[in-house]
Amino acid sequence: MNKERKLIIAGNWKMNKTVAESLDLVNGLKRELASVKEVDIVVCPPFTALGEVSKAILDSNIRLGAQNMSEHNFGAYTGEVAAGMLKEFSVRYVILGHSERRQYQGEPDALIARKATAAHAASLRPIICVGETLAQREAGEMEKIVGTQLRGSLVGLSEEQMIETIVAYEPVWAIGTGRNATAAQAQEVHAFIRKELATAYGESVARRVRIQYGGSVKPSNARELMNQPDVDGALVGGAALEVRSFSEIIKNSI
Ligand code: PGA
C-alpha cells in the first residue's frame, strides 16, 4: 500500500496481561512481524510489564508505548508515573486522553494538553485520542465534539511538536463493541481532523501528522480502513491481545 505517511499501528493492551503473558505476546509478535518495515509497530503494555517487554524487544522492529503518564515530572503524586520514568524503559510513545480515561478518570482536554507538553519535553511522542459518543453522533455533534477535544488537547504544542504528535480518532461507540466505523465514516472524520490541524498549524504541518483510527479494528477490516487517504494507522484494543490477530492486522495493512 503506497501511503503519503508511514502507517503506525499500535496495540493498546489496556489493563490486561501479566508480565509472563506480556512476554508471550511480544515474543510471538517479534517472530511474526520480524520482516515488516513498512509500518511503525508499537505495543502499549500495562506499566508493570514495560520493563520486561522493553528488554524483549531490544533489536526488534517493535517500539514501546505507555497508556498514560502524569503531567508532572516528579513529586508527591501518589500512584502517578512520570515521563522520565517511562524513558528509563525506552518508551517512545504515550497514549493520552483515551476515552476510557476521559470517562472513568474525568480527564479534561486541558489536562491532556499539559500531559502532551510534558511528553514532548521528555521526547515521548503522544498519541492523543479524540472521539464522539453515539448520542453525540446521532445529535449531529460529531464535528463540534471532535473539534473541541482536538483543539483543547493540543493547546501549547508548537509546529515541530505537532508533527511528532499522533492523533487517534476513536469513536466511543466503536470501542470494544465489534462495531467499527465504516471506512467512509473514518475517512470523513480523519479529513475533518486534518482540516482542523491545517487551520491551526498550516497545510504543510497538517499533511505530516499521522492520524490513527481506533475502534473494533480487526484483521477483516484493517485493509479497507488503512486504504483511506487520511487514515495513517490504527490504535487496536481487543485484537491487539493475541499474536495472530494483531500481526494479521499489520500484514493486511501493508
Ligand atoms: P478496541 O479498542 O479495538 O477493542 O475497540 C480500541 C481502543 O480503545 O484503543
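Preceding block: the structure.
Residues numbered from 1 in each chain as written. Predicted model: local features only at pLDDT ≥ 70, side-chain atom pairs only at ≥ 80, totals over all residues. Heavy atoms only, no water.

Caption draft 1: Structural view of the sheet that holds strand β3 (residues 62–66). Ordered by their spatial adjacency, 8 strands build a closed barrel running β1-β2-β3-β4-β5-β6-β7-β8, and the pairing between neighbours is parallel. Pairwise comparison of adjacent strand axes, ignoring direction, gives a mean angle of 25 degrees for this sheet. Sheet analysis places strand β1 (residues 7–12) next to strand β2 (residues 39–44), joined by 6 bridges and oriented parallel. Bridged to I8 within β2 is D40. Against the sheet, helix α7 (residues 142–153) engages β5 (125–130) and β6 (166–169), with an angle of about 155 degrees to β5. (Pairing = 2+ DSSP bridges. Helix = DSSP H or I, 4+ residues; strand = E, 2+ residues; numbered from the N terminus. Axes fitted to C-alpha atoms, helices over the stretch in contact; angles between N-to-C directions. Contact = heavy atoms within 4.5 Å.)

Caption draft 2: Focus on the pairing of β1. Burial runs high along β1: 6 of the 6 residues are buried. Burial along β1 is two-sided: the face carrying L7, I9 and G11 and the face carrying I8, A10 and N12 are both buried. Crossover connection from β1 via helix α1 (residues 19–33) to parallel β2: handedness right-handed. Across 4 bridges, β1 lies against strand β8 (residues 233–236) in parallel orientation. Bridge pairing in β8 links I8 to G233. (Buried < 20%, exposed > 50% of the residue type's maximum accessible area, 1.4 Å probe, protein only. Right-handed = clockwise from strand over helix to strand, strands pointing away.)

Caption draft 3: View of the site of the ligand. In the neighbourhood of the ligand, 13 residues make up the surrounding shell, with K14, H98, E170, G176 and S216 lying closest. In this structure, an oxygen atom belonging to the ligand sits 2.6 Å away from a main-chain N or O atom of G176. Here an oxygen atom of the ligand and a backbone polar atom of G237 are 2.8 Å apart. Burial of the ligand by the protein chains amounts to 95% of its free accessible area of 280 Å². Residues that form the shell around the ligand fall into these classes: 4 nonpolar, 7 polar and 2 charged. (Near = heavy atom within 4 Å. Polar contact = N/O pair within 3.5 Å; in protein donor to acceptor, adjacent residues only side chain to side chain. Areas by Shrake-Rupley, 256 points an atom, 1.4 Å probe, with all protein chains shown as cover. Nonpolar A, V, L, I, M, F, W, Y, C, P; charged D, E, K, R; others polar.)

Caption draft 4: Here's a closer look at α1. With 15 residues, α1 ought to run about 21 Å at 1.5 Å a step, and its terminal C-alpha atoms sit 21 Å apart, in line with that. Along α1, the positions that sit buried rather than exposed are S22, L25, V26, G28, L29 and L33. The arc that holds every buried residue of α1, seen down its axis, measures 155 degrees, which confines them to one face. Across α1 from its buried face, at more than 90 degrees, point the exposed residues A20, D24 and R31. (Expected span 1.5 Å × (residues − 1). Arc of directions from axis to C-beta.)

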